[in-house]
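Here are the chains, one letter per residue:
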Amino acid sequence: MFSAINNGFSRLSDHPDLGKLVLRVSLGVLLLFHGIFKVEHGVGWIARLLHAHGIPGFVAYGAYIGEVVAPVMVIIGLMTRPAAFVIAVNLVVATLLVKTGAVWDRTSVGAWALEGEALYFFGALAVMFIGAGRFTLVSNSSLQ
């Protein structure tokens, strides 16, 4: 009985390219919210954090690449793997700057304090490893 249910469900849901699209679009759109905030409010606060760590402030403008440009590229399927790598690196840098001390912390409901960051990071790694899939706005497969 369980085997029949599993086989039936597998037949209905066996659409790996659709899964890649859902992962790409959700990762890109959710990360764009962070990028839009930075477009509206600037990256001065990031520059101050970087200065405190001895890193030049102009590096803060990389947030626009990691949270606006790369997510848009992932959404449309343009150079998806390199763009996902940029997102993953952006998440590592952002986490090290803002939440370094929270590695072992848990929230009031028991979740890991870096849960959101981890989901973005591992989602970006997954997109980097699996690629764009069939559903993209880029028809040239060498640019996907």
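Refer to the structure printed above.
Observations regarding the packing of aromatic side chains
In step 1: This model, assessed by the stated rule, comprises two aromatic pairs.
In step 2: The interplanar angle of 75° and the centroid separation of 5.0 Å between the aromatic rings of Phe-121 and Phe-122 together place this pair among those described as edge-to-face.
In step 3: A residue is classified by how much of its surface remains accessible, and Phe-121, at 23% relative accessible area, is partly exposed.

Quick word on the side chain of Lys-38
In step 1: Counting through the fold element by element, Lys-38 comes out in helix H2 (residues 16-41).
In step 2: Of the residues examined, Lys-38 reaches a relative accessible area of 8% and is grouped as buried.
In step 3: Residues contacting Lys-38, with those up to four places away along its chain left out, are Val-43, Trp-45, Ile-46, Ala-63, Tyr-64 and Glu-67.

Section: the pattern of salt bridges
In step 1: Here the structure, examined in full by the defined rule, presents three salt bridges.
In step 2: For Arg-134, the salt bridge goes to Asp-17, with nearest N and O atoms at 3.7 Å. Here Arg-134, found in the segment after helix H6 (115-130), pairs with Asp-17, found in helix H2; they are 117 residues apart in sequence, far enough to count as distant.
In step 3: A salt bridge links Glu-117 to Lys-99; its shortest N-O distance comes to 2.9 Å. Here Glu-117 is found in helix H6, whereas its partner Lys-99 is found in the loop between helix H5 (80-98) and H6, with 18 residues between them in sequence.

As for a nonpolar patch on the surface
In step 1: Nonpolar side chains collect at one region of the surface, where Ile-65, Val-69, Phe-85, Val-86, Val-89 and Val-93 lie side by side and expose about 470 Å² of accessible area between them.
In step 2: Those elements giving two or more residues to the nonpolar patch turn out to be helix H4 (62-76) and H5.
In step 3: A total of four residues in the nonpolar patch trace back to one element, the largest contributor, which is H5.
In step 4: As for its placement among the helices and strands, Phe-85 is situated in helix H5.

Observations concerning the environment of Lys-20
In step 1: As for its placement among the helices and strands, Lys-20 is situated in helix H2.
In step 2: By relative accessible area, Lys-20 is classed as partly exposed at 21%.
In step 3: It is 12 Å that separates the C-alpha atoms of Lys-20 and Ile-76, two residues lying 56 residues apart in sequence.

Criteria and thresholds
Residues numbered from 1 in each chain as written. Predicted model: local features only at pLDDT ≥ 70, side-chain atom pairs only at ≥ 80, totals over all residues. Heavy atoms only, no water. Phe/Tyr/Trp six-rings, centres within 6.5 Å; stacked < 30°, edge-to-face > 60°. Buried < 20%, exposed > 50% of the residue type's maximum accessible area, 1.4 Å probe, protein only. Helix = DSSP H or I, 4+ residues; strand = E, 2+ residues; numbered from the N terminus. Contact = heavy atoms within 4.5 Å. Salt bridge = Lys/Arg side-chain N within 4 Å of Asp/Glu carboxyl O. Patch = residues over 30% accessible without salt bridge, like charges linked within 9 Å, V, L, I, M, F, W, Y side chains within 5 Å. Areas by Shrake-Rupley, 256 points an atom, 1.4 Å probe, with all protein chains shown as cover.

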